[in-house]
Amino acid sequence: MQRFFFASLLLIGGLASCAPRNQAAVAGVTQPPTLVKVSQAAAIGETVTVQGRYLGGMNTAYVLLGATPEGTGGYKVPNTAIKSWTDSEINFVVPVDAPVGGSWLYVVVGGMQSANGLPFSIKQAQK
């Protein structure tokens, strides 16, 4: 019985050492966000809905608009534009100073950028 106990400890220790290390800046954040869907193109002042998983919350995350397909650059949506935020859905109003045109949308949670971006366009305001 004692031999089984020590063998179990060794197995568990070996498995734990193989687990991926997480470099998250925020305690409790273990998965990078995954984006599933974003609403259609929106103009300044219109509401955008982003759906996904592991989206965190307003205090630990932000939405990035106007990024490249690789996720670099972009415009950080200010918290004042956020209408609601859950772990699976974000609703925000396109701010006045958001970049107009087609680009990519990402979400950053606890310093971890979403594993994928979604193509998204901000339309020119109607006159």
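Residues numbered from 1 in each chain as written. Predicted model: local features only at pLDDT ≥ 70, side-chain atom pairs only at ≥ 80, totals over all residues. Heavy atoms only, no water.

## Some remarks on the overall build of the protein
To keep things clear, this is the line we draw: Helix numbers and strand numbers start at the N terminus; a helix is a DSSP run of H or I with at least 4 residues, a strand a run of E with at least 2. Buried, partly exposed and exposed residues are distinguished by accessible area as a fraction of the type maximum, computed with a 1.4 Å probe on protein chains only: under 20%, between the cut-offs, and over 50%, respectively. It only takes one pair of heavy atoms within 4.5 Å for two residues to be counted as in contact. Per-residue and other accessible areas were derived by the Shrake-Rupley procedure at a 1.4 Å probe size, with only the shown protein chains allowed to occlude residues.
When you go through the protein residue by residue, the secondary structure sums to 1 helix and 10 strands. Listed N to C, the secondary structure of the protein is α-β-β-β-β-β-β-β-β-β-β in terms of helices and strands. In the protein, which comprises 127 residues, the share counted as buried stands at 32%. Considering only residue pairs separated by 6 or more positions, the protein has 61% of its internal contacts joining residues 24 or more positions apart. Counting only carbon and sulfur atoms, one obtains 58% of the accessible surface of the protein, whose full area is about 7800 Å².

## Points about the confidence of the model for the protein
Atom-level detail of predicted coordinates should not be read off regions where pLDDT is low. Rule in force here: Note: pLDDT gives the predictor's confidence per residue, expressed from 0 to 100.
For the protein, the average pLDDT comes to 84, and 76% of its residues sit at 70 or higher. Looking across the protein, the model is least confident in helix α1 (residues 2–18), with a mean pLDDT of 49, and most confident in strand β7 (residues 89–93), with 98. With pLDDT under 50 throughout, residues 13–26 is counted as low confidence; its partners more than four residues away or in other chains account for 10 contacts.

## Concerning unusual backbone geometry
The residue Y54 is not glycine, and still its phi comes out positive at about 60°. The topology assignment puts Y54 in the loop between β3 (47–53) and β4 (61–67). A residue is classified by how much of its surface remains accessible, and Y54, at 35% relative accessible area, is partly exposed.

## Topic: the sheet that holds strand β1 (residues 34–38)
Note the threshold: Note: two strands are recorded as paired if DSSP finds a minimum of 2 bridges between them. Angles shown run from 0 to 180 degrees and are taken between the N-to-C directions of axes, each axis being a line fitted to C-alpha atoms and, for helices, limited to the stretch in contact.
Read from one edge of the open sheet, 4 strands run β1-β3-β7-β6, paired in antiparallel fashion. Since the sheet does not close on itself, it has two edges, and those belong to β1 and β6 (82–85), each with one partner. Between one strand axis and the next, the sheet turns by 20° as a mean value, whatever way the strands run. Pairing between β6 and β7: 3 bridges, direction antiparallel. Counterpart to I82 in the pairing with β7 is F92.

## Let's talk about the nonpolar core
Quick reminder of the rule: Working definition of a nonpolar core: buried Ala, Val, Leu, Ile, Met, Phe, Trp, Tyr and Cys residues. They are joined through side-chain atoms within 4.5 Å.
Counting 24 residues, the largest nonpolar core has V63, L65, F92 and L105 as the members making the most contacts within it. For this core, the secondary-structure elements that each account for two or more residues are β1, β3, β4, β6, β7, β8 (101–109) and β10 (118–123). If we ignore the near neighbours within four places in the chain, the residues touching L105 are L35, V38, V50, V63, L64, L65, F92, G117, L118 and F120.

## Side note on the environment of Y75
To keep things clear, this is the line we draw: Any pair of nitrogen or oxygen atoms within 3.5 Å is treated as a polar contact; in protein, a donor-acceptor pairing is required on top of that, and neighbouring residues in sequence qualify only through side-chain atoms on both sides.
Residue placement: Y75 occurs in strand β5 (residues 75–76). The class for Y75 is buried, based on a relative accessible area of 14%. In terms of polar contacts, Y75 uses its side chain to reach the side chain of D97, at 2.5 Å.

## Brief notes about the packing of aromatic side chains
Counted only if it meets this: The criterion for an aromatic pair is that two Phe, Tyr or Trp rings (for Trp, the six-membered ring) have centres within 6.5 Å, with stacked assigned to planes under 30 degrees apart, edge-to-face to planes over 60 apart and tilted to the rest. Counted as over-ring charges are cases with an Arg CZ or a Lys NZ within 6 Å of the ring centre that also lie within 35 degrees of the ring normal.
Counted under the stated rule, the structure contains 0 aromatic pairs. It is K76 that lies over the ring of Y62; its NZ or CZ is 4.6 Å from the centre.

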